[in-house]
Each structure stands twice: as structure tokens, then as C-alpha cells.
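Survey of secondary and tertiary structure
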Amino acid sequence: MDLIARAQAEVVNRHKFFVEWFTGRATDADLSVSLRAFASDMVMIEPDANTIGTAEIAAMIKAARGKRPADFEIRVDLIAARELGEGIVLVVYDEHQVIDGQKSARRSSAVFSADPEAPEGVVWRQLQETWISA
């Protein structure tokens with residue numbers, strides 16, 4: 001599987017994990033595997049422009065376990081992907097969430113680098129999210 005396909009699979013599979021974790025169905029072992037998908041120096045720019053690093057991202061994920069109802073949904077639509085350089089990939093995707101019937105959406109640009117120890121063979125390096133119409 002090429003690096004672009006690995007990065008796209010990472011986006012889809014990480015969001016599947018989030019649904020399972022946020023609804024309380026995923027295990028601590030699942031969390032441990034999932035956290036290996038984030039580079040130690042990852043940066044996330046949230047839709048409100050707040051910038052957080054890997055430690056804050058991990059803490060946010062851990063604290064969100066079981067905080068969503070059983071019917072919580074995330075749908076990911078892959079928009080574009082391209083290699084930026086040797087071992088670096090950019091993936092653009094839309095994330096649609098439904099929480100208690102309320103819809104929200106964001107467009108995200110995520111940069112990945114190759115890492116054979118990560119679940120899909122790539123790690124998240126930077127993520128920027130922007131609110132879009134649901």
C-alpha cells in the first residue's frame with residue numbers, strides 16, 4: 001500500500017476509533033494503539049484557531065471516553081490527497097458529526113509522515129480544522 005493510501009486509511013480508521021471511544025465501546029488497549037498514530041510533536045489547530053500539541057490531544061481524547069450517546073456518528077469524506085515530499089502526505093477531508101440529532105461539519109487538512117510503528121504506517125504531524133456547513 002502506498003503512503004497516500006495509508007494516510008487515507010489512517011484518517012478513516014482513526015475516526016472509526018473515535019466513535020467507539022467517545023461512545024464508551026473501545027478499550028484501553030484500543031486507546032494505546034490509537035495514540036501511537038500521533039507524532040510526539042504533532043500540532044492541531046482547532047476550528048476556533050486554538051493550537052494544541054500531542055499531550056493536550058491525548059488528554060482530550062482520554063477525557064472524552066463515553067461522553068457521546070450510543071447513536072453518535074462521524075462520517076469522513078476524503079476530498080484530496082497528495083505527496084508533499086519524500087515520506088510526507090497531505091490529506092484533505094470533511095468530517096461530519098451527528099450528536100443528539102445536531103449536525104456539525106469541518107474540513108480538515110492533515111499532514112502525515114511515514115512511521116512503520118504506527119497502526120497504519122503513518123503518523124499525524126499537523127491537523128488544521130475549519131468549520132463548514134453541515
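All figures in this text were calculated on a predicted structure; none of them were measured in a lab.

So, how was this worked out
- Position numbers for residues count from 1 along each chain, tracking the sequence in the order it is written.
- With pLDDT at 70 or above as the cut-off, local features in this predicted model cover only qualifying residues; side-chain atom pairs require 80 or more to be listed or tallied, and sums for whole chains, interfaces and linings still use all residues.
- In computing side-chain properties, one takes all heavy atoms of the structure into account and sets aside hydrogens as well as water.
- Only DSSP runs of H or I covering at least 4 residues are called helices, and only runs of E covering at least 2 are called strands; the numbering of each starts at the N terminus.
- Here's how the labels work: a residue is buried when its accessible area is under 20% of the maximum for its type, exposed when over 50%, partly exposed in between, all with a 1.4 Å probe on protein chains only.
- With axes taken as lines fitted to C-alpha atoms, and helix axes fitted only over the stretch in contact, angles between N-to-C directions fall between 0 and 180 degrees.
- Here the word oblique covers every angle except those under 35 degrees (roughly parallel), over 145 (roughly antiparallel) and from 65 to 115 (roughly perpendicular).
- In this scheme the handedness of a crossing depends on how the near helix is turned from the far one: anticlockwise by less than a right angle means left-handed, clockwise means right-handed.
- Two residues qualify as a contact provided that any one of their heavy atoms is within 4.5 Å of a heavy atom in the partner residue.
- Gly counts as polar in this scheme, as do all residues outside two lists: the nonpolar Ala, Val, Leu, Ile, Met, Phe, Trp, Tyr, Cys and Pro, and the charged Asp, Glu, Lys and Arg.
- Should a side-chain nitrogen of Lys or Arg be within 4 Å of a carboxyl oxygen of Asp or Glu, the pair is scored as a salt bridge.

**Remarks on unusual backbone geometry**
Despite not being glycine, Ala-49 shows a phi value in the positive range, around 80 degrees. Within the secondary structure, Ala-49 is located in the loop between strand E1 (38-45) and strand E2 (51-53). Residue classification places Ala-49 among the exposed positions, given a relative accessible area of 54%. Non-glycine residue Asp-100 carries a positive phi angle of around 50 degrees.

**Side note on the environment of Ala-58**
Along the chain, the position of Ala-58 falls in helix H3 (residues 54-63). The exposure class of Ala-58 is buried, given its relative accessible area of 15%. Residues Ala-58 and Ala-118 lie 60 residues apart in sequence; the distance between their C-alpha atoms is 15 Å.

**A word on the packing of helix H1 (residues 3-22) against helix H2 (residues 28-35)**
Two elements in contact, H1 and H2, have axes whose closest approach is 11 Å; the angle formed by their N-to-C orientations is 150 degrees. Considering the angle they form, H1 stands roughly antiparallel to H2. In this structure, the crossing between H1 and H2 has a hand that is left-handed. Counting all contacts with H1, which are made through Arg-14, Phe-17 and Trp-21, the residues of H2 involved are Asp-28, Asp-30, Leu-31 and Ser-34. Taken together, the residues that form the contact of H1 with H2 break down as 3 nonpolar, 1 polar and 3 charged.

**Here's the deal with the pattern of salt bridges**
Following the criterion strictly, the structure yields 7 salt bridges and no others. As a salt-bridge pair, Asp-28 and Arg-65 come within 2.7 Å of each other at their nearest N and O atoms. In this pair, Asp-28 is assigned in helix H2 and Arg-65 in the loop between H3 and strand E3 (73-85), connecting sequence segments 37 residues apart. By relative accessible area, which is 49% here, Asp-28 ends up partly exposed. Judged by relative accessible area, which is 33%, Arg-65 ranks as partly exposed. Linking Asp-94 and Arg-107 is a salt bridge whose minimum nitrogen-to-oxygen distance equals 2.6 Å. One end of the pair, Asp-94, is in strand E4 (residues 88-99); the other, Arg-107, is in strand E5 (residues 102-114), with 13 residues separating them in the sequence.

The values are spatial; any link to function lies outside them.
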